[in-house]
Amino acid sequence: MAVAIRLSRGGAKKRPYYRIVVSDSRAPRDGKYLEQIGTYNPMLPKDDEGRVKIDEDRARHWIGVGAVPSDRVARFLDKAGIVERAARNNPKKGEPGEAAKERAEENAAKAAEAEEAKKAAEAEASAPAEEETAAADEGAAAETAETAGETEDKAEG
């Protein structure tokens, strides 16, 4: 018989309360169990002593017999110093999925296009101003030349 140490839920709706039980792994979560070895009340603050209570002797006994704790119960047992729990490492946990990566690439491409369009618009806006300035300079030079030519004609005549 495969034996598991796990949580069995009790309490009212939105007010959970758990028993830490030793049960046959094939039994339902809240069903028949072999022995209750502790309690867990998640409604209490994390630093409260009454949040997790475990009978250490019975926990050691059942682990010695071959009972396998669930992930959450293994955390409790590790904190109590009963069983060492190996730290887990999932380097891909924070990595976005395929669709998110595609959306990010599309957004980056759109942003690059918008930046290029903005630079082109700025270049267009500054180019006519430069042309107008150049044309005004040429017109002023032409007027100056005409004025100088008229001055010479008057001086000769």
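If you're wondering where the values come from, they're calculated on a predicted model, not measured in any experiment.

Caption draft 1: Spatial organisation of the packing of aromatic side chains. Per the stated rule, a full pass over the model turns up 2 aromatic pairs. With a centroid separation of 5.8 Å and 25 degrees between ring planes, the pair formed by Y18 and Y40 is classed as stacked. With a gap of 22 residues between them, Y18 in strand β2 (residues 15–24) and Y40 in strand β3 (residues 35–40) connect regions that are remote in the sequence. Using a relative accessible area of 19% as the deciding quantity, one classes Y18 as buried. Take Y40: its relative accessible area is 9%, and that puts it in the buried class.

Caption draft 2: The arrangement of the sheet that holds β3 in detail. Across the sheet, which stays open at both edges, the 5 strands sit in the order β4-β3-β2-β1-β5 with mixed pairing between neighbours. Each having just a single partner strand, β4 (52–54) and β5 (68–69) make up the two edges of the open sheet. Pairing between β3 and β4: 3 bridges, direction antiparallel. Each residue of the ladder has a partner; that of G38, found in β4, is I54. Most of the contacts of helix α1 (residues 56–65) go to β3, to which it runs at about 125 degrees, and overall it touches β1 (3–12), β2, β3 and β4. Along the sheet, helix α2 (residues 71–80) makes contact with β1, β2, β3, β4 and β5, crossing β1 at roughly 100 degrees.

Caption draft 3: Fine view of the nonpolar core. Among the nonpolar cores identified, the biggest contains 15 residues, and I5, L7, I20, V22, I37, W62 and V73 are the most heavily contacted of them. At the level of secondary structure, the elements contributing two or more residues to this core comprise β1, β2, β3, α1 and α2. Once you skip the residues sitting within four places of it in the chain, V73 turns out to touch I5, R6, L7 and I20.

Caption draft 4: Here's a closer look at the environment of V68. With respect to the element layout, V68 can be found in strand β5. The class of V68 is exposed, set by a relative accessible area of 54%. For the pair V68 and A2, spaced 66 residues apart in sequence, the C-alpha separation works out to 8.3 Å. In this view, V68 contacts V3, A4 and I5; residues no more than four positions away in its chain are not counted.

Caption draft 5: Broad picture of the pattern of salt bridges. Applying the stated criterion across every chain yields a total of 5 salt bridges. Across the pair E95 and K101 runs a salt bridge whose closest N-O atoms are separated by 3.2 Å.

Caption draft 6: Representation of the side chain of R51. Structurally, the position occupied by R51 is in the loop between β3 and β4. At 3.4 Å, the side chain of R51 forms a polar contact with the side chain of Y40. From its side chain, R51 meets the backbone oxygen of L44 in a polar contact 2.5 Å long. For R51, the contacting residues outside a window of four places in its chain are T39, Y40, N41, P42, L44, P45 and K46.

Caption draft 7: Main features of a positive patch on the surface. Taken together, the side chains of K46, R72, R75, K79, R85 and K93 make up a positively charged region of the molecular surface. One can find K93 in the loop between α2 and α3 (98–156).

Caption draft 8: Structural context of the environment of A4. Positionally, A4 belongs in strand β1. Overall, the relative accessible area of 13% leaves A4 in the buried class. Between the C-alpha atoms of A4 and V21, which are 17 residues apart in sequence, the distance is 8.1 Å.

Conventions we followed
- Residues numbered from 1 in each chain as written.
- Predicted model: local features only at pLDDT ≥ 70, side-chain atom pairs only at ≥ 80, totals over all residues.
- Heavy atoms only, no water.
- Phe/Tyr/Trp six-rings, centres within 6.5 Å; stacked < 30°, edge-to-face > 60°.
- Helix = DSSP H or I, 4+ residues; strand = E, 2+ residues; numbered from the N terminus.
- Buried < 20%, exposed > 50% of the residue type's maximum accessible area, 1.4 Å probe, protein only.
- Pairing = 2+ DSSP bridges.
- Contact = heavy atoms within 4.5 Å.
- Axes fitted to C-alpha atoms, helices over the stretch in contact; angles between N-to-C directions.
- Core = buried A, V, L, I, M, F, W, Y, C linked by side-chain atoms within 4.5 Å.
- Salt bridge = Lys/Arg side-chain N within 4 Å of Asp/Glu carboxyl O.
- Polar contact = N/O pair within 3.5 Å; in protein donor to acceptor, adjacent residues only side chain to side chain.
- Patch = residues over 30% accessible without salt bridge, like charges linked within 9 Å, V, L, I, M, F, W, Y side chains within 5 Å.
- Areas by Shrake-Rupley, 256 points an atom, 1.4 Å probe, with all protein chains shown as cover.
- Lys, Arg positive; Asp, Glu negative; His and termini not counted.
- Charge placed at Lys NZ, Arg CZ, Asp CG, Glu CD.

Interpretation in functional terms is not warranted from these geometric data alone.
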